[in-house]
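Listed below, chain by chain, are the residues.
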Amino acid sequence: MSIDPADGPAAVVVPAIAAPSSVACVRSLGRRGIHTVVVSEDAEAAAFRSRYAGETVVVPDPGEDLVAYKDALLALAMRPDVLTVLPVREEDVYVLARYREEFEPHVETLWPTAEGLRRVQDRVELFDAAERAGVAVPDTRLLDEVDDWDREWVVKGRYTLLADAYVDDVPPGRSRDPPSTQYLNGNRPDVETIRRRNGHTPIVQEFLPTTDEYGFFALYDEGEAVRTFQHRQVRAYNYAGGPSSFRESVSIPDLGEAGRALLDELEWHGLAMVEFLRDDDGEFRLMEINPRLWSSLPFSVRAGADFPHDYWLLARGERDRIVDDYEVGTAGHLIRGELSYLHSVLFDEEELVERPGRREAFSAVAGSLREHPRFDYLRLDDPRPFVRDALNALR
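Residues numbered from 1 in each chain as written. Predicted model: local features only at pLDDT ≥ 70, side-chain atom pairs only at ≥ 80, totals over all residues. Heavy atoms only, no water.

*Asks:* How would you explain helix 3 (residues 90–98) if you had to name every residue and give the values?
*Replies:* Across the nine residues of helix 3, eight count as buried, placing the element largely inside the fold. Turning to helix 3, its buried residues are Glu90, Glu91, Asp92, Val93, Tyr94, Val95, Leu96 and Ala97. (Buried < 20%, exposed > 50% of the residue type's maximum accessible area, 1.4 Å probe, protein only. Helix = DSSP H or I, 4+ residues; strand = E, 2+ residues; numbered from the N terminus.)

*Asks:* Describe the side chain of Ser344, listing the residues and the values that go with them.
*Replies:* For Ser344, the position within the fold is in helix 11 (residues 335–347). You can call Ser344 buried: its relative accessible area is 1%. In this structure the side chain of Ser344 is engaged in a polar contact, spanning 2.7 Å, whose partner is the backbone oxygen of Tyr341. Other than its neighbours up to four places away in sequence, Ser344 contacts Tyr237, Asn238, Tyr239 and Arg355. (Polar contact = N/O pair within 3.5 Å; in protein donor to acceptor, adjacent residues only side chain to side chain. Contact = heavy atoms within 4.5 Å.)

*Asks:* Go over the nonpolar core with me, naming the residues and quoting the values.
*Replies:* Among the nonpolar cores identified, the biggest contains 75 residues, and Leu86, Phe103, Leu293 and Phe307 are the most heavily contacted of them. In terms of residue count, helix 2 (residues 66–77) provides more of this core than any other element does, seven residues in total. Beyond its immediate chain neighbours, meaning those up to four positions away, Leu293 contacts Cys25, Leu86, Pro87, Val88, Leu271 and Phe307. Counting 25 residues, the second-largest nonpolar core is a separate cluster that includes Phe127, Val137, Ala258 and Phe276. (Core = buried A, V, L, I, M, F, W, Y, C linked by side-chain atoms within 4.5 Å.)

*Asks:* I'd love a proper account of the packing of helix 5 (residues 114–121) against helix 6 (residues 123–133), names of residues and values included.
*Replies:* It is the contact of helix 5 with helix 6, at a shortest axis distance of 5 Å, that shows an interaxial angle of 85 degrees. In terms of orientation, helix 5 and helix 6 fall into the roughly perpendicular class. Note on element contacts: helix 6 touches helix 5 through Arg123, Glu125 and Leu126, opposite Arg118, Arg119, Val120 and Gln121. The residue inventory of the contact of helix 5 with helix 6, partitioned by class, reads two nonpolar, one polar and four charged. (Axes fitted to C-alpha atoms, helices over the stretch in contact; angles between N-to-C directions. Parallel < 35°, antiparallel > 145°, perpendicular 65-115°, else oblique. Nonpolar A, V, L, I, M, F, W, Y, C, P; charged D, E, K, R; others polar.)

*Asks:* Hey, could you go over the sheet that holds strand 12 (residues 224–238) for me, with residue numbers and the actual values?
*Replies:* Spatially, the six strands line up as an open sheet ordered 15-14-11-12-13-16, and their pairing is antiparallel. At either margin of the open sheet sits one strand with a lone partner, and together these are strand 15 (284–290) and strand 16 (331–333). For this sheet, the mean inter-axis angle between neighbouring strands, taken without regard to orientation, is 35 degrees. Both strand 11 (residues 213–221) and strand 14 (residues 270–278) contribute to a ladder of eight bridges, which runs antiparallel. (Pairing = 2+ DSSP bridges.)

*Asks:* Run through the packing of aromatic side chains, naming residues and quoting values.
*Replies:* In this structure the tally under the stated criterion is 11 aromatic pairs. For the ring pair Trp294 and Phe307, a centre distance of 4.9 Å and an interplane angle of 85 degrees mean the geometry is edge-to-face. One end of the pair, Trp294, is in the loop between strand 15 and helix 9 (297–302); the other, Phe307, is in helix 10 (residues 307–315), with 13 residues separating them in the sequence. The burial state of Trp294 is the same as that of Phe307; both residues are buried. An aromatic cluster of three or more residues is present, and its members are Phe217, Phe229, Trp294, Phe299, Phe307 and Tyr326. Positioned above the aromatic ring of Tyr99, the side-chain terminus of Lys70 is 4.7 Å from the ring centre. We note Arg235 situated over the ring of Tyr341; from NZ or CZ to the ring centre the distance is 5.8 Å. (Phe/Tyr/Trp six-rings, centres within 6.5 Å; stacked < 30°, edge-to-face > 60°. Lys NZ or Arg CZ within 6 Å of the ring centre and 35° of its normal.)

*Asks:* Lay out the side chain of Glu338 in plain terms, naming residues and giving numbers.
*Replies:* The residue Glu338 is located in helix 11 in this model. With relative accessibility at 2%, the residue Glu338 sits in the buried group. Here Glu338 is in contact with Arg235, Ser245, Phe246, His333, Val365 and Ser368, once residues within four sequence places are set aside.

Just distances and angles here, no functional claims.
Below you can see the structure in the form of structure tokens.
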């Protein structure tokens, strides 16, 4: 099937990154005959190798020059065949939101305004919104506000992306990721060293002794939910947490209520993944929001929640064709993530999280691979992205 050009612009710009989400977008759209313009600063991007990639374009690295990257996306958006752009990483949605007015005359802008995005990428504003929405949160403070260091704390960047709109020490047009999460075991840290390491004053959260992680995923249209999905993270890249390597689809009313309440409070527009930890009392506590597509997207699509296609339908003004449903009880893997998990079990030592037994961990991975042979990259009808991703990981 192909899309008739007489029906108007239909092509979608898809940034190609190292996470599986880009390949999932290309496959979802391309197999329906929707033209994908796949862009990346890396000519060896796995999504470039997909049989469903309509065309590939090398663009500037947003980590080196956000403005040049924006200009490249805008030049593609100005093409008469391009309908919209899919944000798959923090830099994508940051550029699209900050320069939204430049994109609006040319494409459907299914992403938040700069102000709306800041309320999510700034964790202080995000947790304030959660409290207004009645969503449970861990005890969260700015580093400077902590006076009881005898507790177990986790240090996180205040911002999910460090860019000049948020922090002063990032040059205009540049961006970088915040430092990784730091665990504190009850000893007073060197506050000034932590601040310098982060490049700003980070937040500190109470440590929750659970790895029972859940995700609520949604596509919103001007404050209204159009499509939702839920999963439970069974394993992550690291035994202490992180991006998921094995997960299963679930449908839990309390999880759905918490996710919707927060996104409704934010009057959200676009895509979002809301991450929660479930504590010992069964309450879902907010961790963060990813205001774009998520790395486990191939699994969402395999379970029946085809967000890339629904995003395209919404951009086409065909919201009534979106069916908000998916298969519960489906499970799937990212093989590279499973290998990372096993590596962490063998070699990592996380201070506040007990390491699983090695025999138990290897047996669990082997059993789930046998029972649930669904994979993010590996597909027989489109094998080259899996091969390219493996080579990139080795590189």
